[in-house]
Amino acid sequence: DIELIRPEPLTKLLNIYPNPFNLMANLHFSLSDEQSVKIEIFNIRGRLIKTVLNEVRSAGEHTTFWFGENERGERVASGLYICRMVSGSYQGHRKILLLK
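Attention in this report is confined to the structure presented alongside it. (Residues numbered from 1 in each chain as written. Predicted model: local features only at pLDDT ≥ 70, side-chain atom pairs only at ≥ 80, totals over all residues. Heavy atoms only, no water.)

### With respect to the sheet that holds strand 1 (residues 12–17)
Logical step 1: Ordered by their spatial adjacency, three strands build an open sheet running 1-2-5, and the pairing between neighbours is antiparallel. The strands lining the two open edges of the sheet, one partner per strand, are strand 1 and strand 5 (60–66). With strand direction ignored, the average angle separating the axes of adjacent strands in the sheet is 25°.
Logical step 2: Here seven bridges tie strand 2 (residues 25–31) to strand 5, and the two strands are oriented antiparallel to one another. Note that in strand 5 the partner of Leu31 across the bridge is Gly60. (Pairing = 2+ DSSP bridges. Helix = DSSP H or I, 4+ residues; strand = E, 2+ residues; numbered from the N terminus. Axes fitted to C-alpha atoms, helices over the stretch in contact; angles between N-to-C directions.)

Okay, structure coming up:
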């Protein structure tokens, strides 16, 4: 018998799709163990636009969503944004393009 061995999940910001997006972006990430995770969206000037997620999640792969809105629930302008994930000692960034 062949036993499949899956690697342990790494804490990492994975893919964002669709990218570019119009209505909703799927933000995929993985955690090596149960830990606090924060996912934020910044404009290209470095200003915080939206905290998408700030909670403890279990180990494994997860998905959260950004609907192209700021903290007040208002749609933001088309353009390039930065998605940042911070969890433990990990910090990762990905570019995301919003097109209307």
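### Topic: the sheet that holds strand 7 (residues 90–98)
Logical step 1: If you trace the four strands from one edge of the open sheet to the other, you get 4-3-6-7, paired in antiparallel fashion. Unpaired on one side and paired on the other, strand 4 (48–57) and strand 7 mark the two borders of the sheet. Within this sheet the neighbouring strands show an average axis-to-axis angle of 15°, counted without direction.
Logical step 2: As defined by bridge partners, strand 3 (residues 35–43) adjoins strand 6 (residues 79–87) across six bridges and the pair is classed as antiparallel. Residue Asn43 lies in a different strand from strand 6, and its bridge partner there is Tyr81.

### A short note on the side chain of Ser87
Logical step 1: As for its position among the elements, Ser87 is in strand 6.
Logical step 2: A relative accessible area of 2% means that Ser87 is categorised as buried.
Logical step 3: A polar side-chain atom of Ser87 sits 2.7 Å from the main-chain carbonyl oxygen of Ser36.
Logical step 4: Contacts of Ser87, omitting those with residues within four sequence positions, involve Thr11, Leu31, Gln35, Ser36 and Val37. (Buried < 20%, exposed > 50% of the residue type's maximum accessible area, 1.4 Å probe, protein only. Polar contact = N/O pair within 3.5 Å; in protein donor to acceptor, adjacent residues only side chain to side chain. Contact = heavy atoms within 4.5 Å.)

### Here we look at the packing of aromatic side chains
Logical step 1: By the definition in use, this model includes three aromatic pairs.
Logical step 2: Measuring from ring centre to ring centre gives 5.4 Å for Phe21 and Trp66, while their planes differ by 55°; the resulting arrangement is tilted. Remark: Trp66 occurs in strand 5 and Phe21 occurs in the loop between strand 1 and strand 2; sequence separation between them is 45 residues. For the pair formed by Phe21 and Trp66, the shared burial category is buried.
Logical step 3: Relative to Tyr81, the ring of Trp66 has its centre 5.4 Å away and its plane inclined at 70°; by these criteria the two rings are edge-to-face. With a gap of 15 residues between them, Trp66 in strand 5 and Tyr81 in strand 6 connect regions that are remote in the sequence.
Logical step 4: On the basis of relative accessibility, which here comes to 1%, the residue Trp66 falls in the buried class.
Logical step 5: The structure contains a cluster of three or more aromatic residues connected by ring pairs, namely Phe21, Trp66 and Tyr81. (Phe/Tyr/Trp six-rings, centres within 6.5 Å; stacked < 30°, edge-to-face > 60°.)

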